[in-house]
Amino acid sequence: MMSLEWRRGVTSYLRIMLSFCRHHPRVLYIDIDIHHGDGVQEAFYLTDRVMTCSFHKYGQSFFPGTGHMYETGLDLGKYFSVNVPLRDGIDDSGFVYIFKPVIEGIVKHFQPSVIVLQCGADSLGCDRLGCFNLTTRGHGECVSYVKSFNIPLLVLGGGGYTVRNVARCWTHETALLLDEAIGNELPYSGYVEYFKPDYHLHPEIGSSRGENQNSRAYLDQIKSMVLDNLRILDCAPSVQMQEIPPPLLTPADKYTESDPEQRESAADKEKRVTAPNEFFAGEGDNDSGTVPVRS
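A quick note: this is a predicted structure, and the numbers were derived from the prediction, not measured. Residue positions are given per chain, counting from 1 as you read along its sequence in written order. Local features in this predicted model are restricted to residues of pLDDT 70 or higher, and side-chain atom pairs are both shown and tallied only at a pLDDT of 80 or more, whereas totals for entire chains, interfaces and linings draw on every residue. Heavy atoms throughout the structure, all of them, feed into the side-chain values; hydrogens and water do not.

**Observations regarding the pattern of salt bridges**
Note the cut-off: Salt bridge, as applied in this entry: a Lys or Arg side-chain nitrogen positioned within 4 Å of an Asp or Glu carboxyl oxygen. A run of H or I in DSSP becomes a helix once it reaches four residues, and a run of E becomes a strand once it reaches two; helices and strands are each numbered from the N terminus.
Taken as a whole, this structure holds six salt bridges when the rule is applied. Of the charged contacts, one joins Lys-223 and Asp-220 as a salt bridge, the two residues approaching to 3.7 Å between their closest N and O atoms. With Lys-223 and Asp-220 both in helix H6 (residues 216-232), this residue pair falls three residues apart, about one helical turn.

**Regarding the nonpolar core**
How we decide: We call a set of buried Ala, Val, Leu, Ile, Met, Phe, Trp, Tyr and Cys residues a nonpolar core when their side-chain atoms join them within 4.5 Å. Note on exposure labels: buried denotes an accessible area under 20% of the residue type's maximum, exposed denotes more than 50%, and partly exposed covers the range between, all computed with a 1.4 Å probe on protein chains only. The contact rule is simple, with two residues in contact once any of their heavy atoms fall within 4.5 Å.
Residues Ile-30, Phe-55, Phe-95, Phe-99 and Ile-106 are the most contacted members of the largest nonpolar core, which totals 50 residues. For this core, the leading source of residues is helix H3 (residues 92-110), giving nine residues. Ignoring sequence-local partners within four residues, the contact set of Ile-30 consists of Cys-53, Phe-55, Phe-99, Ile-103, Ile-115, Val-116, Leu-117, Gln-118 and Val-146.

**Examining the pairing of strand E3 (residues 50-57)**
Successive side chains on a regular strand alternate, one facing one side of the sheet and the next facing the other. Basically, it comes down to this: Place the viewer so that the strands point away; then a crossover is right-handed whenever the path from the first strand over the helix to the second strand goes clockwise. When DSSP finds two or more bridges between a pair of strands, those strands are recorded as paired.
Within E3, eight of the eight residues are buried, which leaves it mostly tucked inside the rest of the structure. Residues Val-50, Thr-52, Ser-54 and His-56 point to one face of E3 and Met-51, Cys-53, Phe-55 and Lys-57 to the other, with burial holding for every one of them. In this fold, strand E2 (residues 27-31) hands off to helix H2 (residues 38-43), which returns the chain to E3; that crossover is right-handed. Of the pairings in the sheet, the one linking E3 to strand E4 (residues 81-86) comprises six bridges and is parallel in character. Bridge pairing links Thr-52 to Ser-81 in E4.

**Section: the packing of aromatic side chains**
Going by this rule: Pairing of aromatic rings covers Phe, Tyr and the six-membered ring of Trp, with a centre-to-centre limit of 6.5 Å; geometry is then stacked below 30 degrees between planes, edge-to-face above 60, and tilted otherwise. Our definition puts a charge over a ring when NZ of Lys or CZ of Arg is within 6 Å of the ring centre and also within 35 degrees of the ring normal.
Applying the stated criterion across every chain, the model contains eight aromatic pairs. Ring geometry for Phe-95 against Phe-99: centres 6.2 Å apart, planes inclined by 20°, an arrangement best described as stacked. In this pair, Phe-95 and Phe-99 both sit in helix H3, four residues apart, roughly one turn of the helix. We classify Phe-99 as buried; its relative accessible area is 0%. Seen from their ring centres, Phe-99 and Tyr-145 are 6.5 Å apart, and the 70° between their planes marks the pair as edge-to-face. Pair noted here: Phe-99 is in helix H3 and Tyr-145 is in helix H4 (residues 136-147), with a separation of 46 residues, a long-range link. By the ring-pair criterion, three or more aromatic residues cluster together here, those being Phe-55, Phe-95, Phe-99, Tyr-145 and Phe-149. Lying over the aromatic face of Tyr-218, Arg-87 brings its terminal NZ or CZ to 3.7 Å of the ring centre. Directly above the ring of Tyr-97 sits Arg-216, whose terminal nitrogen or CZ lies 4.1 Å from the centroid.

**Here we look at helix H5 (residues 163-177)**
Spacing of three or four residues puts side chains on the same side of an α-helix, whose turn is 3.6 residues. Where we set the bar: Expected helix span is computed as 1.5 Å times (number of residues minus one).
Here H5 spans 21 Å end to end across 15 residues, near enough to the 21 Å set by a 1.5 Å rise per residue. All buried positions along H5 are accounted for by Asn-165, Val-166, Arg-168, Cys-169, Trp-170, His-172, Glu-173, Ala-175 and Leu-177.

**Regarding the pairing of strand E5 (residues 114-118)**
Of all five residues in E5, five are buried; the element is thus mostly enclosed. With burial as the criterion, each face of E5 is covered, one bearing Val-114, Val-116 and Gln-118 and the other bearing Ile-115 and Leu-117. Direction of pairing for E5 relative to strand E6 (residues 153-156): parallel, over a ladder of four bridges. Of the residues in E6, the one forming a bridge with Val-116 is Leu-154.

**Observations regarding the side chain of Arg-168**
You can see Arg-168 is positioned in helix H5. Under the relative-accessibility criterion, Arg-168 is labelled buried at 4%. Setting aside anything within four residues of it in sequence, one finds Arg-168 in contact with Thr-136, Phe-195, Asp-198, His-200, Leu-201 and Pro-203.

**Regarding the packing of H3 against H4**
Heads up, the condition is: Angles shown run from 0 to 180 degrees and are taken between the N-to-C directions of axes, each axis being a line fitted to C-alpha atoms and, for helices, limited to the stretch in contact. Here the angle decides the label: under 35 degrees means roughly parallel, over 145 means roughly antiparallel, 65 to 115 means roughly perpendicular, and every other value means oblique. Crossing handedness: left-handed means the near helix sits turned counterclockwise from the far one by under a right angle, and right-handed means the same turn made clockwise.
Where H3 contacts H4, the two axes come as close as 10 Å, and the packing angle between them is 15°. By the angle between their directions, the pair H3 and H4 is classed as roughly parallel. In terms of crossing hand, the pair formed by H3 and H4 is right-handed. Contacts between H3 and H4 involve Asp-92, Phe-95, Val-96, Phe-99, Lys-100, Ile-103 and Glu-104 on the former and, on the latter, Gly-138, Glu-141, Cys-142, Tyr-145 and Val-146.

Given below as structure tokens:
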């Protein structure tokens with residue numbers, strides 16, 4: 001089972017994750033946005049029901065400033081927060097090199113029953129705020145790899161600040177998820193001028209954001225630490241079988257408001273419960289007459 005929802009926002013992510021926790025014993029959240037997934041990590045930092053895994057730029061005061069590899073969770077959530085801090089300029093080969101073994105290790109040890117994949121497009125090399133050198137193909141290869149596990153999957157949108165490349169990225173990944181082949185030449189539309197000068201789905205990136213500062217030795221160090229932490233887990237956590245709790249929020253359409261233009265019936269007045277010390281003006285006023293004033 002797979003679902004696409006190209007929306008963004010931490011509030012939406014958290015509502016989805018909480019809803020999944022009502023039906024699934026183990027939920028895996030993967031974030032390939034260039035910024036650390038601090039909001040989701042913080043929400044589930046103390047629990048073993050959700051494992052969060054974020055691949056992001058870290059250091060040099062880059063927003064939000066969190067996501068060091070030693071942020072691994074607390075209490076029951078110890079080792080259930082996985083962080084892969086990356087440096088400027090990482091390209092497709094380096095990103096896939098660290099992504100695949102980390103995700104493989106998480107799936108093996110955590111055994112998620114559902115995966116939420118956040119596909120922020122600001123990790124592309126041509127993003128105006130980003131500092132990576134990923135192409136749409138490299139970004140999409142990560143999505144295809146997560147899909148290959150055949151675990152129920154929800155794919156979400158995320159960051160992205162060069163709009164034409166966000167459109168390219170998510171179009172390509174939608175096609176991958178649906179097993180549809182699409183060409184590199186963009187069809188004519190009213191928006192085609194936004195994609196000049198090449199008018200391609202996969203523009204050439206090169207080293208638009210500088211040289212790759214992520215050596216293989218550095219990536220191996222991160223990979224080794226992440227996998228060592230995963231081996232510490234005794235087994236995949238579970239929960240006791242129980243009745244599914246009711247929804248967290250009452251749907252708005254179930255709330256009925258009385259008509260302000262309609263008078264209250266005598267029967268409704270009889271049903272109304274009023275505190276004996278209630279102060280009001282009317283037939284049932286407990287303080288009929290003048291209220292004494294103390295001197």
